[in-house]
Structure formats: C-alpha cells, structure tokens
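Inside the fold
Residues per chain, in single letters:
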Amino acid sequence: MKLARWILTLAVRDATEREMILGDLEEERAARGGAWYCREATAIAAHAAIRRSPARRRASRSGDRLMSTLLKDIRYGWRGLRKRPMVTLTVAATLALGLGANAAIFNLIDRLVFHPLPFADPHRVVMLAETGPGIEFRKESVSPANFLDWRRQAGALTALTASAWWDANLLEKNDPERVQGALVTGDYFDALGVRPVLGRGFVHDDETFGRHHLVVLGDELWKRRFAGDPSVVGRSITIDGAPYQVVGVAPPRFAFPDGAALWAPLAFDPKTAPTRHNRYLTVFGRLAPGRTLADAQSQMEVIATRLAQQYPDTNRDHGARVYLLSEGWLDEGTGTILSLWQASAFVVLLIACANIANLLLARAAERRREIAVRLALGASRGRVIRELLTESVLLAVLSVGPALAFAWLALRLIRTAMPANIIRFVPGWESLGPDARLFEFTLALAVATACISGILPAVQAARGKVSDALKEGGRTATGRQLLRRAIVVGEIAIALPLLVAAGLGVIGTNRFLNGPQGYDPDGVLTMKLVLPDRTYPDDAARRALVERAVREVTAVAGVADAAAVNNPPASGGSASRGIEIDGHPSADPKNPPSVEYRVVTERYFGVLRLPLVKGRGFNTGDRAESAPVGIVSESLARKFWPGEDPIGRRMKVADTWITVVGISGDIIHDWFLRRNVPTVYRPMAQAPSDYFAVLVRAGGDPAALAGPVRQALLRVDASQPVFDLMTMRRQLSERTIGLQFLAAIMASFAVLALFLAAVGLYAVVAYLIAQRRHEIGLRIALGASAADVLRLTVGQAFRLTLTGTTIGLALSIALSRVMEAALLDIASHDARVFATFAGVLMAAALLAAYIPARRATAIDPMIALRAE
Amino acid sequence: MPDIYLGELEQIVLLAVLRLGDEAYAVPILEQIERQAGRRVARGALYTALDRLEAKGCLRSRLGEPLAERGGRARRYFTVTPAAVRALKASRTALLRLWNGLESIL
C-alpha cells in the first residue's frame, strides 16, 4: 500500500489534487480493503500519468492528434502482445532476468559506494590520510604527532578528529566480553554529525591523560548488557581492568568505525612525546563552512610539506590526502569488483537484448505482409517504426515489476549470506534493498533496453520494397537472416568471456578455500585474546599467561595438542618486521626489507602440521634468557640466503639479533598476501605478544571443544574474554567470503548468460528451419535421411557457434588479463579453463540447436510441399 | 460567453454534482453516477474529468474540514458554475428538440 501511495505521489504532481485523491481513497479503504486501495491507486496514477505526458501537453496545442496516436499505438501494441502470449512471456521473462540482475548490482553499488554512511551532511565529512613510502592503507595512516600538528594548523577543516582501533575487555556482572571499540579524540561525534541520545559526547578536555577513563556506549551494547537503563550514564563500569565512567549513549545504528560498540577518549601520555613514527590513526574532519574539498586538499599539502621539512627523519616524501569519507572509507578494490559485476550484468542484459531483437525480427518478418499493406495504403515509415517501438517499450515496462521482484530476491539472498562479523566492516550493507532510486534506474534501463533491442527490427520491418513483400509467396530478404545470424554470433561471443571470468573466479576461490594451504586446517579450533596493558603490563606477565593458557587448554579432554601464535593464518591480522641479514647490510637502512613476523609457542608447527624442512623446532629450552633464536620459511631462506644454508646464520629482526635454528614450509597466511611470503617465526617465550590466538588440534570434532576450551581459558583469567572462537575451516571460509561472493555472483551471471545465449540460438535455428521447411520437405521427399537433415540444420548452427566461440575466446583472453590485474592474481589464466568453457558453451549451443533440428527431421514432405 | 462544449461523461459528472448539492465530492459523485446512470466510471477518469471541468470553468471547488477517516485530509467539494448550468440546459434543449417526434421509433 505504501508502494501504491508512492506511485500515486509520483504520478500526481499537484499537491491539492493528490491530497484530495488520497483522502477519497482513505475514506473508502475501510469498507473496501487494502487490495482495492492498491488497485485503484495504481489505476488513478496511470490516468494521471497519461494526462501529464508530454505528448498530451503538446497535443492540447495541436488538437489531441499526437496523444490519440500515442494512445492508439499503446492500445495496438498491447493487442499485439496479447495475441502472442508465448513470445510476450518469453521476452518479458528474458528482460526481467537481465534487468533484475542489473538492478541488484546497481543497488549494491549505490549503497556501498555512493551512500554507505548514514551521517548528517555526508558530503562535508572528510577523511584524511598520510601518503608516502611504506604507507599501504589509508585508513590507519596517520601518526599521533602529525595528527596533533594537523589539528593545530588546518583551518579549512573543523572538528579534526582521530580514531584508533580498540579491543576493549568489558567486565560486567562477572561476564567478560571482548567488545569492538574505538579510541577517539574530542571532536569525534561532532565531526561525524552524530549527537548522543543520552548524556554527552567527548570534548577536548577529555583527552587529558589521567582523566580520560570515560566511555560512550553504543546503542546495541547499552540495550544488551545494560538493559537500556538510562541511569547507566554517570555510572562506573570495568573496561580493561580499570574503572570507566559512562558519559553518554550513542544513537541507534551508529557503530562507526568498523562496528564499534563503545568509544573512549584517545589520550596521549604527556611523559612520552606522541610518536611521529607509528602511523595507526584514522583521521576524520568536517569541511569548514564555505571551504571546499580542494581548499582542504591544498592546505593539507602545504602543512605536509612544512612537516616534511621540519621532521625529515619521519616525514620526508610524506604528503596528505583529503578524501570525502564515503570515498576514502571504501576499501580499495571494492570499486573495481563492483564495476566488474556491473559490467557482467550489462553483458547479461546485452544478451537479453540480442534475444529480444531476434524475437522482434521474427515477429516483424511475420508481419511483413501486414506492414507492407499499411505502407501501401499510405502509412508513413516513421509511423510504423514508432508503433513497433511503442510495442517494445510497453514490453519493457511490463517486465520492470518482475525484474524488481527478482532483484529484491537476489538482494535478500546477498544480504543474508554475509556473516554478521563481516558486515560491520562494510558500511551500507545493512541498508541493501529496493528504493526510489532503484525503481528509477530500472525503469530507465528498461526503456533504454527496449529502444536498443527494438530499433533495429522496427527499422528493418519498415524498410524494403512494398511490392516485394506483397508478392505472393515472397521469401524473406536474405539480409534479415544475416542480421539474425550476426546477432547470435555476437551473443555467443560475449557469453564466453563471462563464463571464463566466472570460471577463473570460482577456481581461484576454491583454491584458497579448499586447496593446499601449506598446513592442515582440518580439526583445528582457533580463538583470540587481547591482553589489556593494565592487567598484563610487561613481558613477564604476558609470557606467564600464554604459557598457562596453553597448558590449561592442552589438558582439556579431546584436545590433542595446543599452541599460541600472534596472528594465526586466515585471521585477517598480520604482523611484519624489518630485517637485516648478518653480513649483507641492506642498501637503504631506513627502509629495510620487511618480512611476515609470527610469534609462536613450541607446539605451533605440530598443531598446524606445518612441516619443518630442516633444523629444529622451538622447545622449552628457548627461554627468555637463552640465546635468541628463530625459524625462517623456505621462501625467506631462498630469498635472503640464495644457495646457502641459513641454519646457524644470524639475522636482525626488530632490533634483536637472532640465530636461525630451523626452516619451515611455506603457508598461505591470508589470500590477499601472495603465497609463500617470506616469514620469520620467533618463540613466544622470547618475544611475548599482548594479543594472541590459541590454536587447538582436536582429537575429534573441533567444534565440540568450543565450550570446554572457553571454560579452561576462563579458569586462567576469569576477566579475560575470548573471541572469534571458531574452527579453522570456518575462519578460512569467512576470510574468503568476499572472494566467494565474487565467484558466486559471477557464476550466476555466467549461467544466466549461457542460458540466454542458448535460448537465442534455439530461437534462431527454429526460425531458420521454419523458413526452410519447404526445402527440407523436398529433400526428405527426394530421399534424404534423418541424419542428412540433422547434418544440414545442426551444421548451420555449428558454424554460427564456432564463429561466436572463436571471437569469444579472443575476448576472454583480453578479459582475463584485466581480471588478473584487478584481482590480485587470484585468477591466473589457464588454457584448460578456456578450452573447457569453450566446450561447455559449444555443447550447450548445439543442444539448443538440436531440439528444433530434431523436429525438422519429422517434417512430413507431403504437408510441407502442399503448403506451397 | 462562448459556448462550452460538454462531452457525455462531462455532462454526467455535472449532473451528478448538481444532484448532490452541498455534498458533492468525488466519492458520492462516483456513487451517484453508478446508481443513477448505471455506469461504472474509472476513478482516474473521474479525476481527469473533474480537473478538466474546473479548468473549463464549469466547476468550482472548495476544501472542507480535515477529517480523521481520511487520514487528516480535507474533502474537496465541487459546485457547478452558472455557465455550466447554461451549457447543460443548452445541450438538453438541443437533444430534446432532436428527440421530438421520434418517441414511436425508439
């Protein structure tokens, strides 16, 4: 009913009239019901739309003529459509699929790229990033000291604010929970234009070190853990083992950044000068009134240049960029992938267009005689073309409804398929769904589609000599058949690249999901802990906790083995350190080569079944006070000691000289890091980490151990929350969810394209056979066998398919190059893939051709010839 | 005052409005037409006709009080202008003259 009212609002622009109509409908709704309301509202909207149409307005000047012809065209077209329900339904269904696919992707792009964040005045909110050598991510790119300088100097921006990742340990009613939080500076809520619903946000004074233990709760956390009690404001709660005073509650649905559930002031210890070296802050701001993005950008460049001169050690060659938040916040690559999807959706639509054009060509051929008569009686060609176009537009508009329904279904599927802990990193995901923009886009696309697919058949139909068409038994001009064949070849040619792209995506994803990882992900349970500074202030405390945790977990029944590591594989986190090889000082000491860095306990290699190729693993002898040691991956050994044995050699890892005692196999840490990244492992006892994951090798089903293992960890420290507890397989799947999505969507498009191309070929072959009925009948009469007829008809289809496939292969190779560049190597091109999909396409096409060809063999020569 | 040409539906609508007097707004107008003339008129067509008649100067409208059963919207009451009454009369006279003497046939 909302929809009906909305359509009515669109159609009736005059407010007084709209109010009257809505009032009348409302008055009668009680007696007649909602369905009646919807029906009536749409009907009235249709009347109003016709009344308002431009043709009508012109008509009122030139005496109703244009309007009446338009209405006549519509009526005529409608009759034509109803007369051939099968053709109409086929075209409408084809269109609905093509349009629906486009609509769904449009919605994704619209929500994720253009309108991802629900902030007030979003086009004034900016994000600032430091640029320079060695800065890979723009989200966490600014050092605290630089931020403070920026804030003092940037006049084109107001409310400049920084946020930092915060793993908060909330202890409430003896139930510890790890909560995603953000440490933010004073102007945070102002910068984003968000006002707490209870209490207050932060002010500059809250950044004073020592007075900064304040917290604003997120709406969800407040309702879940504090029962939505307003009196919690002013209370003290325990976070990271320290008392924090609640000062406010954020509005519902505000969970920025990264699904933060609570916020606390970011305060810098005055005893230690804020670092200019560590870049971990994300900086936001709001454009000052009257200032533009370009103003802010040029001012930030001046500031960055000044800072680079002032602090050459840390800031040389460093600049600053100002993004609109919606643009800067988007993951690099998201745009590429979404455009790839939209391009694929367009290809599907193009194939749909080709099919429709083909059907309309066939229709036009049937109506040749009729059109010729009308032309002979004096109808203008323009009039005939317009009438035929009206018919296709009508068809397209009719398919908008089913297309939107299809898109809605697809979006629901997409929305629910994404795990909640991924969604929070994708702003806009929650809001996926149909809206006015989607409706407008689909309608516009439908009309464009209708014109594109309808214009050629319409022009074809109105062309040609009238006398030819009127001649008795006049055969269809060969030109038109050529066109129809060209269309089919084109369809096949563009369907193949889509198939190949999807195939590469699926194969690539499957390789990361199920292929060899370098370790054994089956039977492993993983969980994470983050240790607050307050309870675990130093290495000794952390070391003791890790050791106890591993010991307790190992003792749980069903646990075969357990270990701890700073960043387990496929966890999304990674750590890297600069290294120096003894005897090979690096050319540029300021930028030493960087390798992946993992801190592990003794049994790590055993738990993951990560093979040790040479030397020894870590053991209990590797203590804090014993000689620092390390294990390197084969790839590291190859890269830094080519042709030499690294065992016993020395290297410097993060300011510590260590001796290499072993070589491990290579593993895939994470799919977006390439395979075989040089990695160095250090014993946890010698380099404790304040965050780590516990990995458990289960005797049986790892999922069944989740409860007992959590209990064991709570026995070690009851205030220490355990999070992301899941099997390694599940973790792998979640880490590659983006890839899986990519592959699944591409695959759906490919299947759609394949299906539509096959339908297209079917239609053309059927049509060509119908044209040659007479000839085929004659051949059969003269003794041609069924095999001969099949060879004749399928042979023709085969030539079309072969031409299409050849062109398609060339396109596929070009496309796979692009995909390789865009998709970080996940889709490596493989001749077998190309051959397979070309084969699949040919098989599908020939099958489609076989069905009508089979029927041709059953042509009764008597009947076929008598028709003459 | 130039002659106003009235189509059949327009005449029907005007007559229905006249019959209803002070209570003529879209809902009862439609009801009147249905009951008295035995004709089903599409609502959209009625609104178009009302709009056109008002533009031609055959109808005037005023808004009533906002009503709860209409979701807080006011009714829009229509009255027939003297010019329209003249036009109705003229067309009636013309028709009657034409009918004259044909009663036996029809």
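Everything numeric here is computed off the predicted structure, so don't read it as measured data.

Side note on the overall build of chain A
Each helix and strand in chain A was counted, giving 29 helices and 21 strands. When burial is assessed residue by residue, chain A has 42% of its 868 residues classed as buried. Within chain A, counting contacts between residues at least 6 apart in sequence, those at least 24 apart form 82% of the total.

Digging into the overall build of chain B
Tallying secondary structure elements over chain B gives four helices and two strands in all. Listing each helix as α and each strand as β along chain B from the N terminus yields α-α-α-β-β-α. Residues counted as buried form 27% of the 106 residues belonging to chain B. Residue pairs at least 24 apart in sequence account for 49% of intrachain contacts in chain B once pairs closer than 6 positions are excluded.

A short note on the interface of chain B and chain A
Taken together, the contact pairs 16 residues of chain B with 17 residues of chain A. Looking at the side of chain B that touches chain A, the elements with two or more residues in it are α2 (26-37), α3 (43-56) and β2 (73-80) of chain B. In terms of residue count, α3(B) provides more of the side of chain B that touches chain A than any other element does, six residues in total. Taken together, the residues of the side of chain B that touches chain A sort by class into six nonpolar, three polar and seven charged.

Regarding the pairing of strand β13 (residues 576-581) of chain A
All names here are of chain A. Here β13 pairs with strand β14 (residues 594-600) via three bridges, running antiparallel. What sits directly across from Gly578, in β14, is Ser594. By the bridge criterion, three bridges tie β13 to strand β17 (residues 650-653) in an arrangement that is antiparallel. The residue of β17 that forms the bridge with Ile579 is Val653.

Points about the packing of helix α15 (residues 381-417) of chain A against helix α17 (residues 436-462) of chain A
All names here are of chain A. Across the interface, α15 lies against α17 with an axial gap of 7 Å and an inter-helix angle of 145°. Considering only the axes of α15 and α17, their crossing is right-handed. When the residues that make up the contact of α15 with α17 are grouped by side-chain class, the tally is 23 nonpolar, six polar and one charged.

Regarding unusual backbone geometry
Residue and element names in this part refer to chain A. In this structure, Ala159 takes a positive phi of about 50° despite not being glycine. Here Ala159 is to be found in strand β2 (residues 157-172). Even without being glycine, Asp724 reaches a positive phi, approximately 50°. For Asp724, the position within the fold is in strand β21 (residues 723-727). Since 17 C-beta atoms lie within 10 Å of it, Asp724 is described here as partly exposed.

Quick notes on the confidence of the model for chain B
In this model, chain B carries an average pLDDT of 87, and 96% of its residues clear a pLDDT of 70 or more. Scoring the predicted complex yields pTM 0.65 and, for the interface, ipTM 0.87.

Side note on the environment of A:Thr314
Residues and elements named next belong to chain A. Structurally, Thr314 is set in helix α11 (residues 312-315). A residue is classified by how many C-beta atoms lie within 10 Å of it, and Thr314, with 18 of them, is partly exposed. A sequence separation of 36 residues divides Thr314 from Asn278, and the C-alpha atoms of the two residues are 9.4 Å apart.

Here we look at helix α14 (residues 368-376) of chain A
Residues and elements named next belong to chain A. Every buried residue belonging to α14 is among Ile371, Ala372 and Leu375, and all of these are buried. When α14 is viewed along its axis, its buried side chains cluster within an angular range of 100° and face the same direction. The exposed set on the far side of α14, more than 90 degrees from its buried face, consists of Glu370 and Ala376. Once α14 finishes, Gly378 follows within two positions and takes phi at roughly 110°, a positive value.

Description of the environment of B:Val17
Residue and element names in this part refer to chain B. Mapped onto the elements, Val17 comes out in helix α1 (residues 8-20). Overall, Val17 belongs to the buried group, with 24 C-beta atoms counted inside 10 Å. Taking the C-alpha atoms as reference, Val17 lies 8.9 Å from Pro28; in sequence the two are eleven residues apart.

The rules behind the values
- Residues numbered from 1 in each chain as written.
- Chains lettered and ligands numbered in written order.
- Predicted model: local features only at pLDDT ≥ 70, side-chain atom pairs only at ≥ 80, totals over all residues.
- Helix = DSSP H or I, 4+ residues; strand = E, 2+ residues; numbered from the N terminus.
- Buried ≥ 20, exposed ≤ 12 C-beta atoms within 10 Å, placed from the backbone.
- Contact = placed C-beta atoms within 7 Å.
- Nonpolar A, V, L, I, M, F, W, Y, C, P; charged D, E, K, R; others polar.
- Pairing = 2+ DSSP bridges.
- Axes fitted to C-alpha atoms, helices over the stretch in contact; angles between N-to-C directions.
- Left-handed = near helix turned anticlockwise from the far one by under 90°.
- pLDDT = per-residue confidence, 0-100.
- Arc of directions from axis to C-beta.

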